[in-house]
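The primary structure of each chain is shown beneath.
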Amino acid sequence: MSAETPAASGQFTRRRLQFRAWRGQRPFWAGLFIIIGGLPIAYFPYANLQIGHLTLAMATTAGAGSLIIGVLLVVLGVSLWFQKHIRVFAGVAAILLALVSIPVSNLGGFLIGFLFALVGGAMAVSWVSGEPPEQEPRADEGAHGGAPEGAFPESTDYGPAEGAAATGEPNDLSGTSPANGANGRHSAG
């Protein structure tokens, strides 16, 4: 395939819509926030800041702990994308790791990683899968979805009522009505 070969018509749009559908079925943004939160937590303890000829090392005594927290956050974020049923565990774990990163990793990656991981964890815990949208009836189908006329009756009169509703008696099956001798108490049997 050369640079002059045109892409298939609508291929980019089709891939974009496939990604959009995949993204909508899982806590995508929560995973992305957790991954973005894990990167500064893991990076800053190993980074050196150069100011002219002055080198400022931001290393902490718990550099390995910072790396572990950052890598765990990245793994939790990626696992949210591919295993959506662990969203509550991953969200709570991300929140706890973000809180632990405050004393361990330069105030949680200078609060950048802490805030991203905290918000991503909260988004993961609160995410629920949506229901697919209902298909709208076509305009030419009418009120009964394209069924022939006369297939549905115009009135829904089902005749005289039967049972307790016909006699006017209350239809209380809860067991707490004074009329059935329960005097406000629930009956067990």
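Residues numbered from 1 in each chain as written. Predicted model: local features only at pLDDT ≥ 70, side-chain atom pairs only at ≥ 80, totals over all residues. Heavy atoms only, no water.

> Which residues make up the overall build of the protein chain, and what values go with them?
Within the protein chain, the regular secondary structure consists of seven helices and two strands. The order of helices and strands in the protein chain, counted from the N terminus, is α-α-β-β-α-α-α-α-α. When burial is assessed residue by residue, the protein chain has 25% of its 189 residues classed as buried. Put simply, 64% of the contacts in the protein chain that link residues at least 6 apart link residues at least 24 apart. (Helix = DSSP H or I, 4+ residues; strand = E, 2+ residues; numbered from the N terminus. Buried < 20%, exposed > 50% of the residue type's maximum accessible area, 1.4 Å probe, protein only. Contact = heavy atoms within 4.5 Å.)

> Explain a nonpolar patch on the surface residue by residue, including any values.
There is a patch of nonpolar side chains on the surface, built from V88, V92, L96, L99 and V125 and spanning about 380 Å² of accessible area. Relative to the helices and strands, V88 resides in helix α4 (residues 87-104). Taking the relative accessible area as the measure of exposure, V88 reaches 41% and is therefore partly exposed. (Patch = residues over 30% accessible without salt bridge, like charges linked within 9 Å, V, L, I, M, F, W, Y side chains within 5 Å. Areas by Shrake-Rupley, 256 points an atom, 1.4 Å probe, with all protein chains shown as cover. Salt bridge = Lys/Arg side-chain N within 4 Å of Asp/Glu carboxyl O.)

> Residues and numbers for the pairing of strand β2 (residues 54-57), please.
Bridge analysis of strand β1 (residues 48-51) against β2 gives four bridges, and the strand direction is antiparallel. Across the sheet, the residue bridging to Q50 is T55, located in β2. Between the end of β1 and the start of β2, which pair antiparallel, lie two residues, with G52 showing a positive phi angle near 65°. (Pairing = 2+ DSSP bridges.)

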